[in-house]
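# Descriptive structure summary
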Amino acid sequence: MLLQQLNSLSSPLSTQQVDSLKQLTANASAVELSWISGYLAGISQATLGAVAVQASSNASLTVLYASQTGNAKGVATQVAAAAKEQGIEVNLVSMSAYKTKLLKQETHLLVVVSTHGEGEPPDDAIALHGFLGSKRASKLESLEFAVLGLGDTSYEFYCQTAMDFDERLIALGAKPMLARQDCDVDYDDDVLAWQQQILTVLADTLTQDNTNAASNHGVSPMVASSQYNKKNPYGATLLASQKITSRQSSRDVRHVEISLEDSGISYQPGDALGVWFDNDLALVKELIELTHLSEEQSVSFNEQQISLSEALVKHYELTQLHPGFVAAYGAAIENNELIALSEDKSAVREFIKDRQVIDVVRQYPGAITSELLIGALRKLTPRLYSIASSQSEVEDEVHLTVALVEYDAFDEKHQGGASSYLSRRLEEGDTLRVYVEPNDNFRLPAPDKAVIMIGPGTGIAPFRAFLQQRENDGASGQNWLFFGNQHFTDDFLYQTELQDFKDNGVLNRIDLAFSRDQEHKIYVQDRIREQGQELLSWLDGGASLYICGDGNAMAKDVEQALIDVICQHGNKSTEQAQQYLTDLHSNKRFQKDVY
Ligand SMILES: Cc1cc2nc3c(=O)[nH]c(=O)nc-3n(C[C@H](O)[C@H](O)[C@H](O)COP(=O)(O)OP(=O)(O)OC[C@H]3O[C@@H](n4cnc5c(N)ncnc54)[C@H](O)[C@@H]3O)c2cc1C
Ligand SMILES: Cc1cc2nc3c(=O)[nH]c(=O)nc-3n(C[C@H](O)[C@H](O)[C@H](O)COP(=O)(O)O)c2cc1C
């Protein structure tokens, strides 16, 4: 409806409300209007969400999801929409908004959950995951359920959280409607098959069990989805991909600027941008040559015939290996060594760590058809990048901080698929497919609260967005940043901007750790220990704490340093210090964006 047509007869609003709305929006810019619409959608979703949670005691089917990077949320939304279309009353709810006492009243439950860390639940699942494993959880003998897990077969603890939910529900007496379905990163086909199976089961059960199933009573809202998402990305324009490390640096880190003009896309500091990418054509040509196949050979993709070359450039992973490739390729070329290797889970994980598809094909040549090669590969999935800008500052642009993945292995240079696309192959003015992945588990507190940001390397990205937002909000809360990298002169990302933030008082404290500028390596965790007393007094005074960046070593070392600081300066035992951090986390005052 156009604003001019808006009146109290054509809307649920009073004349006074209509006037206020017209006044508010009359002179707003496109970006402001887009922000207001997102804000109102958020409020409406929260209100309806509360209704949904209350209504769940009567709901025939509850779809509970927990997602860290949006996939499980997308899958749960899709399954719930399909159930609703089939006339099944459905209550779609995030685990973070779910009251555990409602479990006893549920009759049919679908759990869609991913796994993060090293076999750990996503943030939104922690409370429910803990509850189901505790003595407080009561028997759920009248519950029927099914679990769908999202994970990645390259990880040791594949779909561990889904496994935990499945086992715990069974232990509480609930009855599985289907065996658990674990899905790898290219999950679309498996999800669709599971969805069809479970909806068939539910259609039978719910029509037998619930005569009200087709009624409109208690129907809950679907999660609002923006026009652009993972499956329907926006064709954005690359404005700049500028190297922000020096020529001498061992790393190529880019500041990337992308235009979202006319898309109406809005995002918040803390969100990530999903980027679809094309593989390097030179790599594809080399692979085709090695396998003695032809570029023009046609292969089927999503029920269409396309050339092998296009399939390998646009639709399949070449730079990230997965255990399934070793098994399928080994079988296709009838290589017993690869087949035996693929049966040893830990050996195959080690084998794929630094190999790309081309390394395996080079090391184990053999005759293969294009269909078997394609069948052995995983479908390409987009990569996420923490957004490094605030729309209050950059309006219809979005900025990223991208480290090129580049390493030598097996006498060849290797590059990551997406990071090389963003930093080497795309030219300014080119189009790339993107979408926003919201992250409500990485949000700024109220403007008057202090924040402590720990973000070495590309971990700085969301904190650039935070600082831009705090400046534009005129936020009175104090801001403290810990940043680190290898060398001050080569790797001080956003040095001038951070200096400006410091000079104009937005950044109250900055502690730097350049690991290789002196004999002994110094990291952010060392600075945290040095500043322990002050840091703890900020936390005791209500500051929120954030960690972003490398999840393998840095995040663990930083967390250990935080525990040491809390023990030493807070006079606490290790367990008490851990509990201190857990409490901060539960109160959303300790948030992590690690990868
Ligand atoms: C929520 C989230 C936020 C993120 N934010 C950012 C960000 O702000 N900036 C950023 O740069 N990245 C970020 N990432 C990481 C990013 O999504 C990609 O994973 C990264 O850019 C690599 O993708 P790629 O396609 O270039 O590499 P891929 O093609 O995925 O290749 C990576 C693979 O190469 C191998 N490999 C990598 N390095 C080496 C090495 N040194 N030796 C041997 N093998 C190696 C490993 O097998 C690895 O799995 C984020 C990730 C997540 C989940
Ligand atoms: C930092 C990180 C850690 C992960 N750890 C695991 C793991 O231990 N086990 C697993 O099966 N998958 C793991 N994954 C893969 C995710 O589960 C997979 O990408 C999933 O699709 C994410 O779903 P979500 O977006 O709903 O969170 C990890 C992914 C990331 C980014």
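Residues numbered from 1 in each chain as written. Chains lettered and ligands numbered in written order. Predicted model: local features only at pLDDT ≥ 70, side-chain atom pairs only at ≥ 80, totals over all residues.

### Examining the overall build of the chain
Rules: Secondary structure counts use DSSP, requiring at least four H or I residues in a row for a helix and at least two E residues in a row for a strand, with both numbered from the N terminus. By the convention adopted here, residues make contact when the C-beta atoms placed from their backbones lie within 7 Å.
Within the chain, the secondary structure is distributed over 22 helices and 21 strands. For the chain, the share of sequence-separated contacts (at least 6 apart) that also reach a separation of at least 24 residues comes to 76%.

### Structural notes on the site of ligand 1
Selection rule: Should the C-beta atom of a residue, placed from the backbone, lie within 6 Å of a molecule or strand, that residue is near it. Nonpolar residues are Ala, Val, Leu, Ile, Met, Phe, Trp, Tyr, Cys and Pro. Charged residues are Asp, Glu, Lys and Arg, and all others, Gly as well, are polar.
Taken together, the neighbourhood of ligand 1 is formed by 24 residues, with Thr 319, Gly 416, Ala 418, Ser 419 and Tyr 595 sitting nearest. Counting only elements with at least two residues in the shell around ligand 1, the list comes to strand E12 (383-386), strand E13 (397-403), strand E14 (406-409) and helix H15 (417-425). Counting residues per element, the shell around ligand 1 draws most heavily on E12, at 4 residues. In the shell around ligand 1, the residues fall into 11 nonpolar, 9 polar and 4 charged.

### Details of the site of ligand 2
Taken together, 24 residues lie around ligand 2, and Ser 67, Asn 71, Ala 72, Ser 114 and Gly 151 are the ones closest in. Considered class by class, the residues forming the shell around ligand 2 number 9 nonpolar, 13 polar and 2 charged.

### Side note on the sheet that holds strand E17 (residues 451-454)
This is how it is decided: In this analysis, strands are considered paired if DSSP registers two or more bridges between them. In this description, a line fitted to the C-alpha atoms serves as the axis of each element, helices being fitted only across the stretch in contact, and the angle between N-to-C directions of two axes falls anywhere from 0 to 180 degrees.
Strands sit in the order E19-E18-E17-E20-E21 across an open sheet of 5 strands; the sheet is parallel. Two strands bound the open sheet, and with one partner strand each, they are strand E19 (509-514) and strand E21 (590-594). Ignoring which end each strand starts from, the neighbouring axes of this sheet average 10 degrees apart. As paired strands, E17 and strand E20 (residues 544-549) are joined by 4 bridges and run parallel to one another. Paired with Val 451 across the strands is Ser 544, a residue of E20. Strands in contact with helix H21 (residues 554-570) are E17, E20 and E21; relative to E20, the strand with the most contacts, it is inclined by about 155 degrees.

### Considering the pairing of E20
Applied cut-off: Each residue is classed by its C-beta neighbour count within 10 Å, where at least 20 other C-beta atoms makes it buried, 12 or fewer makes it exposed, and intermediate counts make it partly exposed; the C-beta atoms are placed from backbone geometry.
For E20, a buried count of 6 out of 6 residues is recorded, marking the element as mostly surrounded by other parts of the structure. The two faces of E20 match: Ser 544, Tyr 546 and Cys 548 on one face and Leu 545, Ile 547 and Gly 549 on the other face are all buried.

### Concerning unusual backbone geometry
In this structure, Asn 302 is a non-glycine residue whose phi angle is positive, near 50 degrees. Of note, Asn 302 is situated in the loop between strand E10 (298-301) and strand E11 (304-307). In this structure, Phe 410 is a non-glycine residue whose phi angle is positive, near 55 degrees.

### As for the environment of Asn 232
With respect to the element layout, Asn 232 can be found in the loop between helix H6 (188-209) and strand E7 (234-243). Here Asn 232 falls in the exposed class, since 11 other C-beta atoms lie within 10 Å of it. With 203 residues separating them along the chain, Asn 232 and Tyr 435 place their C-alpha atoms 7.9 Å apart.

### Remarks on the nonpolar core
Nonpolar side chains in soluble globular proteins tend to end up buried together. What counts is decided by this rule: Remark: nonpolar core denotes a set of buried Ala, Val, Leu, Ile, Met, Phe, Trp, Tyr and Cys residues whose joining runs through C-beta atoms within 7 Å. Note that the domain bounds reflect an automated or database-derived domain assignment.
By size, the foremost hydrophobic cluster in this structure holds 68 residues, and its most contacted members are Leu 273, Ile 452, Met 453 and Val 558. Of the residues forming this core, the biggest block, 7 residues, is contributed by H21. Counting residues domain by domain, this core receives three or more from each of domain 2 (234-277 + 382-437) and domain 4 (451-594). Setting aside its immediate chain neighbours within four residues, Leu 273 contacts Tyr 385, Ile 387, Val 398, Leu 400, Val 434 and Val 436. Listed in part, the 43 residues of the second largest apolar core include Leu 64, Ala 72, Leu 132 and Leu 148.

### With respect to helix H5 (residues 160-171)
Selection criterion: The span you would expect from a helix comes to 1.5 Å times its residue count less one.
Compared with the 16 Å implied by 1.5 Å per residue over 12 residues, the 16 Å span of H5 between its first and last C-alpha is a close match. Contacts made by the buried residues of H5 are with strand E3 (108-114), helix H4 (126-132), strand E4 (144-150) and strand E6 (181-183).

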